[in-house]
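# Close look at the chain arrangement
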Amino acid sequence: MGDRLRARDLARSAGLSVQQIRTYVETGVLPAVERTAGGHRVFTGAHAEALTVARELAVSHGWATTRVVMRAVHDGDLVAALAAVDASHARLDRERGELAAVREALETLLTGRSGRSGRSGRSGRVNPPGGAEYSGDAGPGGGTEHAARRDGARHGLRIGEVARAVGVSPPVLRLWEAHGLLRPEREPSTGYRLYDSSELRTAHIVALLRRGSHPLPAIGAVLDELRATGSPDRVLRELTHRMRDLHRTSLRRLAASAALHGYLRYLGHTV
């Protein structure tokens, strides 16, 4: 398994402290060490190889997964080691799928925006389907917003009015609220839900995305980003950056898998 190494030499080669090397041995990240008659730890080329692999794994999978994988390898439990690697890849795949779903939902939203009035395209805001942009100023005819504004006792629309404006039933609006997609206020005197212009606009966005069969979690992610940034285009750019980060992580994990495979061969595993 190679020449003997001192703990300080192994630590120096990786830019670590001797105590960190000892901790890696205790936690199974590095294989067990033998001791000399004088009680000194004996490190070998196997420890140097393991340290290189562990650092590759940690960069791409994180230290929690790395500890599980390396301990399992050094305990001789190859099945557990591979299962931990597979689980980490599966989490990355789920994140990629979630990002893709959010991006698809946002692109549907942007397509709906660009297909309506030029004013929407210039302002970066989203028009509700089939009507004027709801920004506190109703189009000709007034609609449900005019009715609400004529009623001085309240400032906003009640659930039935929003349901008619959006084209869904009140229970659907309650479902969207239960999933955190809508956040209506409550009328103090009655406890009834009140939807201001922002919430009506959000309800139109949710309706548009649900017609495209986008899942509620993906819609929720889009709305969270829109509330934080105020711009669908900015959200789309952020999603693009995140997807690129995922690609880089995937490539790093590929390199880590190659390093782990080489280490298993070094230890004599036939894989």
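In this report, the structure presented in the accompanying data block is examined. (Residues numbered from 1 in each chain as written. Predicted model: local features only at pLDDT ≥ 70, side-chain atom pairs only at ≥ 80, totals over all residues. Heavy atoms only, no water.)

## Overview of the packing of aromatic side chains
The test is simple: Stacked, tilted and edge-to-face pairs are distinguished by plane angle, under 30 degrees for stacked and over 60 for edge-to-face with tilted covering the rest, among Phe, Tyr and Trp rings (Trp via its six-membered ring) whose centres lie within 6.5 Å. Only DSSP runs of H or I reaching four residues or more are called helices, and only runs of E reaching two or more are called strands; each is numbered from the N terminus. Exposure classes here rest on a 1.4 Å probe applied to the protein chains alone. A residue is buried below 20% of its type maximum, exposed above 50%, and partly exposed in between.
Applying the stated criterion across every chain yields a total of two aromatic pairs. Here tyrosine 24 and tryptophan 63 contribute two aromatic rings whose centre-to-centre distance is 5.3 Å and whose plane-to-plane angle is 25°, an arrangement assigned as stacked. One end of the pair, tyrosine 24, is in helix 2 (residues 18–26); the other, tryptophan 63, is in helix 4 (residues 63–74), and 39 residues separate them in sequence. On the numbers, 6.4 Å between centres and 15° between planes, the contact of tyrosine 263 with tyrosine 266 is stacked. With tyrosine 263 and tyrosine 266 both in helix 12 (residues 232–266) and three residues apart, the pair spans about one turn of that helix. You can call tyrosine 263 buried: its relative accessible area is 1%.

## Describing the environment of valine 33
Looking at the secondary structure, you find valine 33 in the loop between helix 2 and strand 1 (34–35). The exposure class assigned to valine 33 is partly exposed, which follows from its relative accessible area of 21%. Along the backbone, valine 33 and arginine 22 are 11 residues apart, and their C-alpha atoms lie at a distance of 9.6 Å.

## Quick word on the packing of helix 11 (residues 216–229) against helix 12
Filter applied, for reference: Geometry is summarised by axes, namely lines fitted to C-alpha atoms with helices restricted to the contacting stretch, and by angles between N-to-C directions that run from 0 to 180 degrees. Orientation is classified from the angle alone, with under 35 degrees giving roughly parallel, over 145 giving roughly antiparallel, 65 to 115 giving roughly perpendicular, and any other angle giving oblique. Throughout, a crossing is termed right-handed when the near helix is turned clockwise from the far one, and left-handed when it is turned anticlockwise from it by less than a right angle. Note on contacts: a residue pair is in contact if any heavy atoms of the two residues lie within 4.5 Å. Gly is put with the polar residues, along with every residue not named as nonpolar or charged; the nonpolar set is Ala, Val, Leu, Ile, Met, Phe, Trp, Tyr, Cys and Pro, and the charged set is Asp, Glu, Lys and Arg.
At their nearest, the axes of helix 11 and helix 12 sit 9 Å apart, and the two run at 120° to each other. On the basis of the axis angle, helix 11 is oblique to helix 12. In this structure, helix 11 meets helix 12 at a crossing whose hand is right-handed. Where helix 11 abuts helix 12, its residues Glu225, Leu226 and Thr229 lie against Pro232, Arg234, Val235 and Arg242. Split into classes, the residues belonging to the contact of helix 11 with helix 12 amount to three nonpolar, one polar and three charged.

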